[in-house]
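So the chains spell out like this:
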Amino acid sequence: MNEQETRQEKAILVGCQLPHITDEHFENSMEELASLTKTADGKVLTSVTQKRNRADAATYIGKGKVEELKALVEELEADLLIFNDELSPSQLKSLATAIEVKMIDRTQLILDIFAKRARTREGKLQIELAQLQYALPRLTGQGINLSRQGGGIGARGPGETKLETDRRHIRNRIHEINTQLSTVIRHRSRYRERRKKNGVLQIALVGYTNAGKSTWFNRLTSAESYEEDLLFATLDPMTRKMVLPSGYSVLLSDTVGFIQDLPTTLIAAFRSTLEEVKEADLILHLIDSSNEDYVGHEKTVLRLLEELEADDIPMLTAYNKRDQKLPDFIPSAGRDHIMVSAKFEEDAETFKEAIQRYLRQELLTSFEAHVPASEGKLLSRIKSETMVDRFYFNEENERYDISGYVQEEQSIIGELKKYM
Ligand SMILES: Nc1nc2c(ncn2[C@@H]2O[C@H](COP(=O)(O)OP(=O)(O)OP(=O)(O)O)[C@@H](O)[C@H]2O)c(=O)[nH]1
Ligand SMILES: [Mg+2]
């Protein structure tokens, strides 16, 4: 770790509450901004908020507030200001003229966190692209707001590279990234095709950031993933095998956390990352039942799934963190759901059983067959390619009496039919 990273930057958060935003929604979003700041290694000194009929076209907050903010920056020796909304290029410019301190907005903050966390090549490229596209209209002449900021929050690129600040270089780099991305995306879709052909069911874990997706991904697949009490710990989808209690294997994917008011630049950049979700046979929607805004989180995820055209995929809702669930928590009506906690060991089995039940109910059909003991190859295929309930050797006729569940379009059905 270098010096810049070990030293926490001290931030003042600035928010503007417009008439259509309820107090509750506004408070939640300011709290979320504080969590995001912490995740980006920043320390929140205080928040400055203002109710307005509209954001000031020139300075976002009112002129009086700007003066107040300027005094506060000096008094508290703040390193940077973080604005709760995306600022226009001209707002950033006038604010930078009025107050001599580094400033970033919500979008830059999220981009910064994404930049630090991206691990795969595709993730890194997508984030760098989003950062450059964000920066381009905000370059002022050859002097630029970004370069004035030096390093630290808001100026980090993926893989610890420093963000490019020259317009011509940025354009070249954007072009280069687009070319590289199209290659990576082609590879990914070919890989996905291959997995589909193998007939293995794909399950995607989705949910608001910090819901516990990676934690459960690890529990359910007993694999090492990246689990941390920070927002956006996961940026790239990861896929691993999960073995259900019956012995049936499926593929489980961990995905990037959703968030409300996701900047449009990012939605575009993440479309291909979330393609994984669109291809899933089943979606596991994890919701943090201990978060005050669990209802809002659920809605945000459902809306984004709709935007991704993934809302017709069967979905099992899992309310997580039941060990800390709010006293007045109520699951939303009309959805298949379970309550779990990663803190309770027994819940892993409960979770897997619920997945198994749901798969049977939504995606599989039952079968019964009597397969001769001599059909060794078929018998082993049945064990791995179907969800077996009963596998009984009948000594009288030297056949196995088998019952279980199978995917309708599986090639194994043709073989099974001979012995049904
Ligand atoms: N108390 C409690 N904490 C949990 C539970 N499940 C997960 N956590 C904690 O919640 C935090 C977030 O968990 P992650 O698994 O990283 O969350 P995520 O949904 O993958 O988050 P992103 O990748 O950022 O979208 C971690 O500190 C976990 O240890 C739970 O059931 N109870
Ligand atoms: Mg995660």
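Throughout this description, residue numbers start from 1 for each chain and increase along the sequence as written. To label them, take the chains in the order written and letter them from A, then take the ligands in the order written and number them from 1. The model is predicted, so local features are restricted to residues of pLDDT at least 70 and side-chain atom pairs to those at 80 or more, both for listing and for counting; the totals for chains, interfaces and linings are taken over all residues. Side-chain descriptors were evaluated using all non-hydrogen atoms of the structure, hydrogens and water having been removed beforehand.

A. Here's a closer look at the overall build of the protein chain. We count a stretch as a helix when DSSP gives it H or I for four or more residues in a row; a strand needs E for two or more, and each element gets its number in order from the N terminus. A tally of regular secondary structure across the protein chain gives 14 helices and 15 strands. Relative accessibility decides the category of a residue: with a 1.4 Å probe and only protein chains considered, values under 20% of the type maximum give buried, values over 50% give exposed, and everything between is partly exposed. Within the span of the protein chain, comprising 420 residues, buried residues form 52% of the whole. When checking whether two residues touch, look at their non-hydrogen atoms; a contact exists if any pair is within 4.5 Å. Taking the contacts inside the protein chain whose residues are at least 6 apart along the sequence as the reference set, 70% of them involve residues at least 24 apart. Calculation of accessible area relied on Shrake-Rupley with a 1.4 Å probe; when residues are assessed, cover is drawn exclusively from the protein chains displayed. Accessible surface computed for the protein chain: about 20300 Å², of which carbon and sulfur atoms make up 46%.

B. Structural view of the packing of aromatic side chains. Pairing of aromatic rings covers Phe, Tyr and Trp, the last through its six-membered ring, and needs centres within 6.5 Å; plane angles under 30 degrees mean stacked, over 60 mean edge-to-face, and all others mean tilted. Counted according to the given criterion, the structure contains six aromatic pairs. For the ring pair Tyr 60 and Phe 83, a centre distance of 5.6 Å and an interplane angle of 80° mean the geometry is edge-to-face. Placement of the pair is Tyr 60 in the loop between β2 (42-51) and α3 (63-76) and Phe 83 in strand β3 (residues 80-83), with a sequence separation of 23 residues. With relative accessibility at 0%, the residue Phe 83 sits in the buried group. The interplanar angle of 65° and the centroid separation of 4.9 Å between the aromatic rings of Trp 216 and Phe 351 together place this pair among those described as edge-to-face. Of the two residues, Trp 216 sits in helix α9 (residues 213-221) while Phe 351 sits in helix α12 (residues 347-362), which places them 135 residues apart along the sequence. Given the relative accessible area of 0%, Phe 351 is considered buried. Pairwise contacts between aromatic rings join Tyr 294, Tyr 319 and Phe 329 into one cluster. Cation over ring: Arg 138 sits above Tyr 134, and NZ or CZ is 3.7 Å from the ring centre. Here, a charge over a ring is recorded when the distance from Lys NZ or Arg CZ to the ring centre is within 6 Å and its angle to the ring normal is within 35 degrees.

C. Highlighting the UniProt feature "binding site: Mg(2+)" (unreviewed entry) in the protein chain. UniProt positions are given in the numbering used here, feature names are shortened, and annotations may be inferred rather than shown by experiment. Within this numbering scheme, the UniProt entry marks Ser 214 and Thr 234 as carrying the feature "binding site: Mg(2+)" (unreviewed entry). Topologically, Ser 214 is positioned in helix α9. The exposure class assigned to Ser 214 is buried, which follows from its relative accessible area of 9%.

D. Representation of the pattern of salt bridges in the model. Here, a salt bridge means any Lys or Arg side-chain nitrogen found within 4 Å of an Asp or Glu carboxyl oxygen. Here the structure, examined in full by the defined rule, presents 16 salt bridges. For the salt bridge of Glu 86 with Arg 138, the shortest nitrogen-to-oxygen distance reads 3.4 Å. Taken together, the residues span a long stretch of sequence, with Glu 86 in the loop between β3 and α4 (89-98) and Arg 138 in the loop between α6 (121-135) and β5 (139-140) at a distance of 52 residues. With relative accessibility at 38%, the residue Glu 86 sits in the partly exposed group. The partner of Arg 335 in a salt bridge is Glu 298, with the nearest N and O atoms 3.9 Å apart. Residue Arg 335 is located in the loop between β11 (315-320) and β12 (337-339), and its partner Glu 298 is located in helix α11 (residues 294-307); the two are separated by 37 residues in the primary sequence. Given the relative accessible area of 36%, Arg 335 is considered partly exposed.

E. Spatial organisation of the sheet that holds strand β13 (residues 364-372). Being paired, for any two strands, means DSSP has found at least two bridges between them. With antiparallel pairing, three strands are arranged side by side in an open sheet as β13-β15-β14. Two strands lie at the open edges of the sheet, namely β13 and β14 (387-394), each paired on one side alone. The sheet shows a mean angle of 15° between the axes of neighbouring strands, direction not considered. Note that β13 and strand β15 (residues 399-407) share nine bridges and pair antiparallel. Among the inter-strand pairings, Ser 366 is bridged to a residue of β15, identified as Tyr 405. Sitting on the sheet, α12 is in contact with β13, β14 and β15, with an inclination near 90° to β14. To define axes, lines are fitted to C-alpha atoms, for helices over the stretch in contact only, and angles between the resulting N-to-C directions are given on a 0 to 180 degree scale.

F. Here's a closer look at the environment of Leu 201. Mapping Leu 201 onto the fold places it in the loop between α8 (167-197) and β7 (202-207). With relative accessibility at 2%, the residue Leu 201 sits in the buried group. Through-space distance from the C-alpha of Leu 201 to that of Leu 252 is 8.7 Å; in sequence the pair is 51 residues apart. With residues up to four places along the chain from it excluded, the contact list for Leu 201 reads Tyr 248, Val 250, Leu 251, Asp 281, Leu 359, Leu 364 and Gln 407.

G. Summary view of a negative patch on the surface. Patch membership is restricted to residues that have no salt bridge and whose relative accessible area is over 30%. Joining uses 9 Å for like charges and 5 Å for the nonpolar side chains Val, Leu, Ile, Met, Phe, Trp and Tyr. For the purpose of charge, His is not counted, nor are the chain termini; Lys and Arg are scored as positive and Asp and Glu as negative. Throughout, a charge is located at the NZ atom of Lys, the CZ atom of Arg, the CG atom of Asp or the CD atom of Glu. Taken together, the side chains of Glu 24, Glu 27, Glu 31, Glu 292 and Asp 328 make up a negatively charged region of the molecular surface. Counting through the fold element by element, Asp 328 comes out in the loop between β11 and β12. A relative accessible area of 56% places Asp 328 in the exposed class.

H. View of the nonpolar core. Among the nonpolar cores identified, the biggest contains 58 residues, and Leu 81 and Leu 305 are the most heavily contacted of them. Residues contacting Leu 81, with those up to four places away along its chain left out, are Ile 12, Val 14, Leu 69, Val 73, Ile 99, Val 101, Lys 102, Met 103 and Ile 104. Here, the term nonpolar core denotes a set of buried Ala, Val, Leu, Ile, Met, Phe, Trp, Tyr and Cys residues that are joined through side-chain atoms within 4.5 Å. Of all hydrophobic cores here, the second largest spans 29 residues; its members include Leu 201, Phe 217, Met 238 and Leu 316.

I. Structural detail: the sheet that holds β12. Taken together, six strands build an open sheet; the order of strands is β8-β9-β7-β10-β11-β12 and the sheet is mixed. Here the strands that pair on one side only, and so sit at the sheet edges, are β8 (238-243) and β12. The average undirected angle you get between the axes of adjacent strands in this sheet is 25°. Where strand β10 (residues 282-288) lies against β11, six bridges are found, and the strand directions are parallel.

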